[in-house]
Each structure stands twice: as C-alpha cells, then as structure tokens.
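What follows is each chain in one-letter form.
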Amino acid sequence: MALLEVEGLRTGYGALPVLQGITFSVEEGETAVLFGLNGAGKTTTVNAIAGLLPAWEGQVRLDGQAISGLDAPRVVAAGVGLSPEGRRVFPALTVLTNLRLGAWTRKRDGKKAVEEAVEQVFSYFPRLEERKDQLAGTMSGGEQQMLAIGRAVMSRPRVLLIDEASLGLSPKLAQTVFEVVSKINDDGTTVLIVEQNVGVLPYADQALIMEKGTLTYDGRGAELEKSGDLRKTYLGTS
Amino acid sequence: MTLLALDPQTQLGQPLVLGIIEGSVYGLIALGLVLLYKSNRIFNFAQAEFGTIAALTAYFGYNGSLFGIPWHMPWLVAVFVGILLGTLSAVLTERLVIRPLFHQPKVIMVVGTVGVLLASIAVEYLVFPTKDTASLPSVTDVGLTDPAFRVGFAGYNVAWEQVLTLFVLIAMALGAAAFFRYSRQGTAILAVSQEPTAAATVGISISRVSLLTWTLAGFLGSVAGIVSIGGAPLLVPGIMTGTALVGGITAAVLGGVTSMPGAFVGGLLVGLVHQYTQAFFSFPGAQNVMVGLVLLIVLLSFPRGLLGSET
Amino acid sequence: MTAVAQAGTQPGTETVVAGSHWRLSGTGIAARGLAYLGLAVVLFLPWFATDFSKTCSLAVIYALMGLSLNIVVGYTGQLSLGHQGFLGLGALVTANVVFQAHLPIWLAMAFGVLATTAVALVLGLVALRITGLYLSLITLVFGSAISSSLFALARFTDNNSGVKISRPSYLADNGDWYLVCVAVLLVIFYLDYRLTVSKVGRALLALKENERVAEAFGIGVTAYKLLAFALSGAIAGLAGGLYAFRGELYSEKDFQDPNGFTLALLFVVMCVVGGLGNRLGVVVAGLFFGLINELLDDLFYWHAVRSWMQHVPLLGSYYDSDVKASYLASLIGALLLLQTLIFNRGGLGAQLRPIARWMTGHRFELHDEGGSGPAAVEGSSVRA
Ligand SMILES: Nc1ncnc2c1ncn2[C@@H]1O[C@H](COP(=O)(O)OP(=O)(O)OP(=O)(O)O)[C@@H](O)[C@H]1O
Ligand SMILES: [Mg+2]
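Here the residue index of a chain counts from 1 through its sequence in written order. Each chain gets a letter, beginning with A, and each ligand a number, beginning with 1, in the order they are written. In keeping with the predicted nature of the model, local features appear solely for residues at pLDDT of at least 70, side-chain atom pairs appear and are counted solely at 80 or more, and the whole-chain, interface and lining totals rest on all residues. Side-chain measures were taken over the full set of non-hydrogen atoms in the model, leaving aside hydrogen atoms and water.

Caption draft 1: The arrangement of the overall build of chain B in detail. Put simply, DSSP H or I for four residues or longer makes a helix, DSSP E for two residues or longer makes a strand, and each gets a number counted from the N terminus. For chain B, the count of helices and strands is 11 helices and 4 strands. A 1.4 Å probe rolled over the protein chains alone gives each residue an accessible area, and that area as a share of the maximum for its type sets the label: buried under 20%, exposed over 50%, partly exposed in between. Counting all 311 residues of chain B, 55% fall into the buried class. Considering only intrachain contacts with a sequence separation of at least 6, the fraction spanning at least 24 residues in chain B is 75%. Each accessible area is a Shrake-Rupley result for a 1.4 Å probe, and residues are judged covered by the shown protein chains and nothing else. Entry remark: accessible area of chain B is about 11,800 Å², with carbon and sulfur atoms responsible for 70%. Every residue pair with non-hydrogen atoms within 4.5 Å of one another is taken to be in contact.

Caption draft 2: Quick peek at the coordination of the magnesium ion (ligand 2). All names here are of chain A. Surrounding the magnesium ion (ligand 2) are the protein donor atoms Thr-43 (OG1) and Glu-85 (OE), which sit 1.8 to 2.4 Å from the metal. Residue Thr-43 is found in helix H1 (residues 42-49), and its partner Glu-85 is found in the loop between strand S6 (80-83) and helix H3 (95-102); the two are separated by 42 residues along the sequence. With relative accessibility at 18%, the residue Thr-43 sits in the buried group. A donor here means any N, O or S atom no more than 2.8 Å from the metal (3.2 Å for Na, K and Ca); water is not included, so a site may seem to lack partners.

Caption draft 3: The interface of chain B and chain A, seen in detail. Facing the 18 residues of chain B at the interface are 19 residues of chain A. Summed over both partners, the accessible area (1.4 Å probe) lost when two parts come together is defined as the buried area. Between chain B and chain A lies a buried interface of about 1,700 Å² when both sides are counted; carbon and sulfur atoms form 71% of it. Salt bridges, as used here, are contacts in which a Lys or Arg side-chain nitrogen is within 4 Å of a carboxyl oxygen on Asp or Glu. Between the two partners, chain B and chain A, sit 1 salt bridge. Put simply, Arg-88 of chain A and Glu-195 of chain B hold a salt bridge, and the shortest N to O gap is 3.2 Å. For the side of chain B that touches chain A, the leading source of residues is helix H6 (residues 184-194) of chain B, giving 7 residues. Considering only residue class, the side of chain B that touches chain A consists of 8 nonpolar, 7 polar and 3 charged. Lys, Arg, Asp and Glu make up the charged group, whereas Ala, Val, Leu, Ile, Met, Phe, Trp, Tyr, Cys and Pro make up the nonpolar group; the residues left over, Gly among them, are polar.

Caption draft 4: The packing of aromatic side chains, seen in detail. Pairing of aromatic rings covers Phe, Tyr and Trp, the last counted by its six-membered ring, and requires centre-to-centre distances within 6.5 Å; plane angles under 30 degrees mean stacked, over 60 mean edge-to-face, and any other angle means tilted. Taken as a whole and assessed by the stated rule, the structure comprises 18 aromatic pairs over all chains. Taking 6.0 Å as the distance between ring centres and 90° as the angle between the ring planes, the aromatic pair formed by Phe-43 of chain B and Tyr-134 of chain C counts as edge-to-face. One end of the pair, Phe-43 of chain B, is in the loop between helix H1 (8-40) and helix H2 (47-63); the other, Tyr-134 of chain C, is in helix H5 (residues 132-148), on a second chain. The exposure class assigned to Tyr-134 of chain C is buried, which follows from its relative accessible area of 16%. Consider the rings of Tyr-243 of chain C and Phe-255 of chain C, whose centres lie 5.4 Å apart with planes at 55°: the pair is tilted. Residue Tyr-243 of chain C is located in helix H9 (residues 221-247), and its partner Phe-255 of chain C is located in the loop between strand S2 (249-250) and helix H10 (259-274); the two are separated by 12 residues in the primary sequence. Its relative accessible area of 1% is what places Phe-255 of chain C among the buried residues. Through a chain of ring-to-ring contacts, the aromatic side chains of Phe-151, Tyr-243, Tyr-250 and Phe-255 of chain C assemble into a single cluster. We call a charge positioned over a ring when the NZ of a Lys or the CZ of an Arg lies within 6 Å of the ring centre and within 35 degrees of the ring normal. Looking at Arg-184 of chain B, its charged tip hangs above the ring of Trp-104 of chain A, at a distance of 3.9 Å from the centre. Here Arg-279 of chain C stacks its cationic end above the ring of Phe-189 of chain C, 5.8 Å away from the centre of that ring.

Caption draft 5: Quick peek at the confidence of the model for chain C. Residues and elements named next belong to chain C. Values of pLDDT, the confidence the predictor places in each residue, fall between 0 and 100. Mean pLDDT over chain C works out to 81, with 81% of the residues at or above the 70 mark. The element-level mean pLDDT for chain C is lowest in strand S4 (residues 381-383), coming to 27, with helix H3 (residues 83-101) highest at 95. Taken together, the stretch residues 1-20 has pLDDT below 50 and engages in 17 contacts with residues farther than four places along the chain or on a different chain. In the model output, the complex is listed with pTM 0.85 alongside ipTM 0.87.

Caption draft 6: Molecular detail of the pattern of salt bridges. Residues and elements named next belong to chain A. If you walk through the whole model with that rule in mind, you get 17 salt bridges over all chains. The shortest N-O distance in the salt bridge between Arg-61 and Glu-7 comes to 2.7 Å. Of this pair, Arg-61 sits in strand S4 (residues 57-62) while Glu-7 sits in strand S1 (residues 4-13), and the two are 54 residues apart along the sequence. Judged by its relative accessible area of 41%, Glu-7 falls in the partly exposed class. Taking the shortest distance from any N to any O, the salt bridge between Asp-63 and Arg-158 comes out at 2.9 Å. Taken as a pair, Asp-63 in the loop between S4 and strand S5 (65-66) and Arg-158 in the loop between helix H6 (141-153) and strand S7 (159-163) lie far apart in primary sequence, 95 residues in all. For Asp-63, a relative accessible area of 33% gives the class partly exposed. A network of salt bridges, in which partner residues are shared, links Glu-5, Glu-7 and Arg-61.

Caption draft 7: Seen up close, the interface of chain B and chain C. Of the residues lining the interface, 48 residues belong to chain B; the matching set on chain C comes to 42 residues. Surface buried jointly by chain B and chain C totals about 4,200 Å² across both partners, of which 80% is contributed by carbon and sulfur atoms. Our count for the chain B to chain C interface comes out at 0 salt bridges. Polar contacts, as used here, are pairs of N or O atoms within 3.5 Å; protein pairs need one atom able to donate a hydrogen and one able to accept it. Residues neighboring in sequence count only if both atoms are side-chain atoms. Counting across the chain B and chain C interface gives 3 residue pairs in polar contact (both at pLDDT 80 or more). Ranked by residue count, the leading element in the side of chain B that touches chain C is helix H4 (residues 106-127) of chain B, at 14 residues. The residue makeup of the side of chain B that touches chain C, split by class, is 36 nonpolar, 10 polar and 2 charged.

Caption draft 8: Structural detail: unusual backbone geometry. Its identity is not glycine, yet Arg-156 of chain A carries a phi of approximately 55°, on the positive side. Counting through the fold element by element, Arg-156 of chain A comes out in the loop between H6 and S7.

Caption draft 9: How the structure looks around helix H4 (residues 110-124) of chain A. All names here are of chain A. End to end, H4 covers 22 Å across 15 residues, agreeing with the expected 21 Å (1.5 Å per residue, within 8%). Of the residues making up H4, those classed as buried are Ala-113, Val-114, Ala-117, Val-118, Val-121, Phe-122 and Tyr-124. Elements that come into contact with the buried residues of H4 comprise H3, helix H5 (126-130), H6 and helix H7 (171-186). How far a helix is expected to stretch is found by multiplying one less than its residue total by 1.5 Å.

Caption draft 10: Main features of the site of ligand 1. Residue and element names in this part refer to chain A. For this purpose, a residue is taken to be near a molecule or strand whenever a single non-hydrogen atom of the residue falls within 4 Å of it. Looking at ligand 1, there are 13 residues lining it, with Gly-39, Lys-42, Thr-43, Thr-44 and Glu-85 nearest. Thr-43 is positioned with one of its side-chain polar atoms (N or O) 2.6 Å from an oxygen atom of ligand 1. Within the side chain of Glu-164, an N or O atom sits 3.4 Å from an oxygen atom of ligand 1. Relative to its unbound accessible surface of 640 Å², ligand 1 loses 61% to contact with the protein. Of all the elements, H1 adds the most residues to the shell around ligand 1, at 3 residues.

Caption draft 11: Here's a closer look at the sheet that holds S5 of chain A. All names here are of chain A. Spatial ordering of the open sheet is given by S2-S1-S4-S5, a layout of 4 strands whose pairing is antiparallel. The two strands at the open ends of the sheet, each matched to only one other strand, are strand S2 (16-26) and S5. Inspection of the sheet shows S1 paired to S2 by 8 bridges, in the antiparallel sense. Bridging across to S2, Glu-5 finds its partner in Ser-25. Two strands pair under a simple rule: DSSP has to find at least two bridges between them.

Caption draft 12: Local environment of the state of the cysteines. Residue and element names in this part refer to chain C. Here, the term disulfide refers to a pair of cysteine sulfur atoms separated by no more than 2.5 Å. One pass over the structure, following the stated rule, counts 0 disulfides over all chains. With no disulfide of its own, Cys-181 has Cys-56 as its nearest cysteine by sulfur position, at a separation of 10 Å. The thiol of Cys-271 is unpaired, and the distance to the nearest cysteine sulfur, on Cys-181, comes to 19 Å.

Caption draft 13: Geometry of the sheet that holds S7 of chain A. Residue and element names in this part refer to chain A. Strand order in the open sheet formed by 6 strands is S6-S7-S8-S3-S9-S10, and the pairing between neighbours is mixed. Edge positions in the open sheet fall to S6 and strand S10 (214-220), since each of these has one partner strand only. Strand-to-strand twist across the sheet, computed as the mean angle between neighbouring axes with direction ignored, equals 15°. Two strands pair when backbone bridges link them, and strand S9 (residues 206-211) and S10 are joined in this way by 6 bridges, in the antiparallel orientation. When the sheet's bridge partners are listed, Leu-208 is paired in S10 with Asp-218. On top of the sheet, H7 reaches strand S3 (31-36), S7 and strand S8 (190-194); it is set at about 155° to S8, its chief contact. Axis definition: a line fitted to C-alpha atoms, over the contacting stretch in the case of helices. Angles run 0 to 180 degrees between N-to-C directions.

Shown next as structure tokens:
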C-alpha cells in the first residue's frame, strides 16, 4: 500500500471548481514531482492534501487512514508537512523561532527532541545555523526558501509537501535545494514536490503532470525524462 | 508673564503625577488594542467598553441587588466576577462577530467592533438600570489598604489606589512582554499575526489563537475598567468608552500599534499631555484638541508611530 | 403590452426608454405613476401633524447625514467616526450667522455649508496622507475635539445659554419646515445620483477598488478624494442648517460626547444597514433610525412592557421605569448592523433594488445584479 493516496479529489474556491477529481499515490520513501503549467491546480492539490482547503469529494489517505476532512493542525499532527508556496516565513521572528514553531504539534516530544530536530535542519542547511538569530524577514529569498523547507521538516512529517522549491532561485541554488530535499528523502521522508524546473527530474522517482485540474501523466521519473514528447508538450523544453 | 506666575507644585508636579496615573489607564487600554491589532490588524472600538462591563458588574455584585437579588459579594469576589464578565464579553465578541467576519475587509471588521460597542452600551442601559448615581469603591474604600497612606512625589501626595493603577499597568505590560517573548501561546499569536497561512501549515489553530487573543484583550480591558472606575464618583453605562477609548487608541498609535512597550509609553504620554494641557490652558475642550494635535503631528511625520517595532 | 423578453445585448446605460431593449407599456407607466403618487402622499402626510412633522424633519436630516457619510464610507471606502462634527458645525455657523449678523436664513445656511466644506477639505487633505484605520481614528478625534472645544465657546453659544433663532414667519410651522427638509433631501438625492453616474463617480469607484491602479489610469487621486470630502462636508453642513432651524436652537450639547459619539456611530450604522454605497438604502435606513426612537417611545407595548416589568416579582423592585426607548433603539441599530455585516452585506439597498429598478422604468426582477450577492441569474424576471 502506498503511503499517500489521493483518490477522486475534487475541490475549488467558493463555487469555482479547480480540481476535477484527481487520483494518484506516492510510495513510501519515494520522491514524487508534480509538474504543470501556471494555474493547473498544483498548489490547490497540495493545499487540499495539507488540509488548508476542504475536499468537496474524494479522499486523501495517509498510510491507509483518511486525512481529508481534518483541518490543517490535525493533518500536520497526522504526519504531513507543507512548505507553502511563496515561502511564507514569519518575518518578524528569528530563524530559530521559525524553526521551533515548525515543531508546534510535537509538544509531547519534549524540548530535547525539538532541539535535535533543529540541529538536523541545521545539518541540512548550514546557512540557517549561521543566521539563526536573524529576523526571517530580513533574509534573502533563497535563505527564506531553505527556512520554509526546514520548518516543514521540523514536524517530522512522514510526507513532506514542497510547493515551488526553486521559484526565484539561481540554478545553482535550486540544485543545492534539490540535493537537500533528496537527502531528506534518503533520511526516510516521503516527498511530494511541486516544480516548474525540470532540473528536479534526476531526483524524482515518480513524476506527475497536471493540466487544468486533471492529472495527465503519472509514471516513473526516468521514463518522463526519456520521453522527449512529454517534456516538450508540458514543460516547453526540448 | 505666565512663567513668572508659574506655581511649580500645581503646574509642574501635580500634572506629572496625575498624568502618569491617568496615562496608566490609557496604557492598559492600549495594551489590549495592540494585542488585537497584532492578531486581527484592526482597532477594536469596543475595547474600553469591556472595562465598563466589568466595573458595572462589580458594582452590582458588591453594592446590592440586580434582578432583585441582593448579591452583596465581598469586594474582591465582586471585582473577580466583574473581570470575568468583561472578559466573557470579549470572548463572545470574537465568536459572534469577529469569527464570521474573518475573511472580510478590515473596514468591515472594524465596523463590526463599532456594532459591539453600540450594543454593549445599549445592553448596559437596559440590564443595569441605575436609578441613582453609582460608584464602585476602590481598594482603599473597602479597607483593603490604609486610607491614610500617601506617597509624596514631586511635591504631590498620592493615594494608594492611584499608585495601584500604575502598578497594575506595569505588571500587565511586563506580563504581556514576557508572554510574547517566552510563552508558546504568545509566539503562536505572533506567528498567526505575521503569516496566518504559514501558521496553519505548522499546525497552529488560527481559530484558537484568535479566541485566546480576545480573551486576553478582554481581560486587559476589564482590569482597566476596574482600576480606573474604582473610587471614581460616577459609574454610568459607556463611561470607559467616553473617558478612555480615544486616549487608549491614541496611546496605541503613538506607540506604533504593534508594540507593547510602545503602548505603555504612549499611554503615559497621552496622560501627561492631558494633565499639562489642563494646567496651562483653560479654553473648553483643550485636552481633546491637544491630544488630537499630537496625534495628527505624529501620524503625519511618523506614519509608523514612535516605537513601531513588532514586539 | 406583453413584455417580450428579448435575448440581446444589454445596453450599459440606465436610460429608461431610449436604447432599452424593452418598452414600458401604458399600464406600466400608469402603475409607476401611481406608485410615485403614493410615495408623494406618504412623504406629505406628516405636514398635517405639527409635532410629528418635527420628528420627521429629524428623520430627513438623518437621511441627509446618511448621504453625506455615504460619500466618504460608501464611495471612497474610508470610515469616518466624526460626522457629528460636521452636522454640529453646520448648525453652529448657521445659527450664529442669523443670531449675530442677522442675515437671512438662506444666506446663513449657505455660510454653514461653506464652513463645513472648508473644514471637510482640511480633513480631506489629511486623508491624502493618512488612510484606513488611522484615518478613522483621526475622524473620531476630530469629532470629539471640535465638539468639546469650538462648539462650546461662549462666543458661539450665546454665553452658554444656547443660541435661540427663529424661522421666518412663512415657515413658522413645523410642517412647513418638514417640507423644506424633504425638498432638500430630494435635491441632494438627485445630485448624488448624478454624481455616481458621472465621470467623478466612476473615478471614485475606481479609487475605492485600488488607488494605485486608478492612478495608473490617470485618475487624479488627490483631486477626487478632496472632492469627495468636500461634497460630504457640504451635505452635512446643509443638514446642520436644517437641524438648527428645526429646533430653532443651537445647543452644543447635541453634538458633544456622549451624545455626539452616539450620533457618529448611528450615522455609520445607517450607512451599513442601508448598504454601503447604496443611496436609496442609506436614505431609507436614515429615515428609519430617525423615526425609531419616537416610534418606540410611543409604541403601546413599550409602555405596557415597562409597566408590566414593575410587577415582575424579582426584577420589578429594581426595574427602572425610566429606561428610555432610545437605548432599545440603539440596541436594535447595533443588531441590525451586525446582522447586515455578517449575513447580508448588500444591506437594505440590495433588498430594495428590485423595487427601485421597477420604479425607474425597468422590469421587476428579483435578481441582484451589481449587489454583493452571488452573480446575477439570467432570466429570472418575475413580471413586467
Ligand atoms: N484563492 C483562490 N480563489 C479563487 N481561485 C483561485 C484561488 N487560488 C487559486 N485559484 C485558481 O485556481 C486555479 C489553480 O490555481 P493553483 O494555484 O492551484 O495553480 P498552480 O498550478 O499552483 O499554478 P502556479 O504554477 O502558478 O503556482 C487557478 O485558475 C487559480 O486562478
Ligand atoms: Mg502554485
């Protein structure tokens, strides 16, 4: 059984439907990439999984347990972490406080566990340790992106959702971020990452493509890389 | 000419002392306003009225009958019940008015608090029909502190209940500062105020944080009502809004609307402006005009307030 | 004629007949004529009752204040909590010009309008730099500061005894003054309509939506904002003049806190309950709130409730029979306000819209176009 299962998910904003019923699953320990043009509904998908948006129809299951219908705090507690679109860090709080807030739902694990998690994030992103007492809002875009991912890792999620990891990053920095994500994945976290940048493909076990609220491709990452047609059609590269 | 006629005691010392005491009340109101501004980005125009509700309830609990029941609670109990009811009214405000307007433009939410203010005053009149002038005794009046006690300061003697107001303000301001700096819930309030979406993604319940914020603000407003009305001769519905709302909001704005220390300093500043204006000018409404001018000048020159930091 | 619903392009104009895709039938015109006649009769009725017409004058003045505040709140989207200051200033200037300079009534009212327009312009200048919450605070402070200082100067209050003035003999009756108030309201209502369909109105709307975008399209923010404040001030000044002559007295107490603050809030309540930006709704709400105190006080059962309360075992011994209906009125106002905000953002105006459209020669359609509700449903016309 796959760790994350999305089945017939339909949702939207107000009365406006965006997702037309999408179905996919991500295997435990793998990295899946969700591609799609602007407005395809990628953010809507991950937000719905994270409980920020109620599902109209269909189900989301984590390890067989339905998590659709739970609100965001409960979804986090159940083991899904989201690094939201637009790197929403808490601008007037320090890097350290931002990270600690990431462990909000782990109150019962105690202080020590939280500090260990902070150390782990610092090992992924040494840059954050250098700047741990800086206000998050004063950091560069790339650093904020690292912080947002680090904060999502703090809750020890079983599934980590990352929306637009590389947006606005230099190709080199984007590569670094992908490498860290792959390291996080190696450490046992299943990853679903929304991307526009095909540079992420080498790290992806699974690739998904969305178009106008429906899923149009679901296959192995390596296959997508090989089939030049798909790349041309959906990603605009050749 | 006027300088020659200056009487240092009544024109310099007394306004200083009275200003600090009066300003303490504004500071307390401002603390609550800043708290709500941080979380909702609005001014709560009903903030001072939570204090009236608390004071009126305490008065009826202590002094006698409401709904025909002679309560005659001990003073401390009455005050506690008052603060409880004042806080409860803030909680109700959050649940019934703020929550449904969460995703509306801020102007709408502000008008919502205006509605709460109007409703509160009306309910106070209808529920607490006072036949004669009411007043809530102060700590000294009920013999909890020594009535003969006087603090000599700047050539002016201050009674216990007046000092108490300042102490309460200091305690509340320190408490609030510590709460935001060290407590988990305090940090959550800051997080929600800065990035609600991100706060939800780390698992903070926005709805619970909002309720908590309003509870605290209601508590602060209620305490302000008790300390400023206790011992004052006149207790009528709407009294706190009439005496402290404008001063409180001005204090919050002078302090930069998001700053707790700013609210504290802003409150004292408004109190001092009031008292010194009274000592030096005698035309009608001089205090209001002066506070208005100060506010206008500050807003025009420092649009972010004097101490506009997010702490 | 049977109204033939033609599917076609809907002209964007509000013109009644020309260019419209359907025509009024003879009966349609007659029915509307009757409706207008009925309305005129209802508006005229208070003229017969001297005392009641005085109350009605107040209601009309409130309606004018609603229109005045609506320009600032509804059209420019800024909350003002100090409009009682303009009403009072209009009353003060009008009364004192008559009392001290012995100028004729209409000239005095013109001075009142001039004064409030000037002060409103100053506030408008402030509004150029300070907006949103801060502006609402400034207006709050403005209202309480001007009413506690300027309004109370012995110079303007006939040494604190209140300035007594009297209307000219041909308007001595309260009923006559009521008709003057109604006439002014109708004129202002029409001018306000002209304003909203003019270039200025569209510019204001654009400004409210997004100041920066509007500026990018070449709409001069400065001029239009000032204009909005000036117009609002002018209407309030006019209302103030009517107010002073209604009671033939200027007394600063009417506008000072706590009365003044309550008034300021009441004006906001009127605008919201009427429907922000909705002229007709705001006027109806203004009339309603102007009348409600009086009506409640006179209402049979309010007396009955009060005397009944005296006999309730526990409550009765405490219940104060002097509890005024006005508190009940402000409770009703507050609840209506909250109800409007939370459940029905279009306000009264949205409810009245089908009727208003029918009256201006359109078909009676229950759908709510341009309101704040869901998008209009096509073809839900009820009858012609
Ligand atoms: N809050 C909202 N209210 C209304 N519609 C929305 C909202 N958010 C997104 N949409 C609409 O839903 C559709 C999908 O948006 P979504 O943000 O999921 O796209 P996306 O695939 O993440 O695009 P991008 O690559 O640009 O981030 C778009 O048409 C968008 O306009
Ligand atoms: Mg997106």
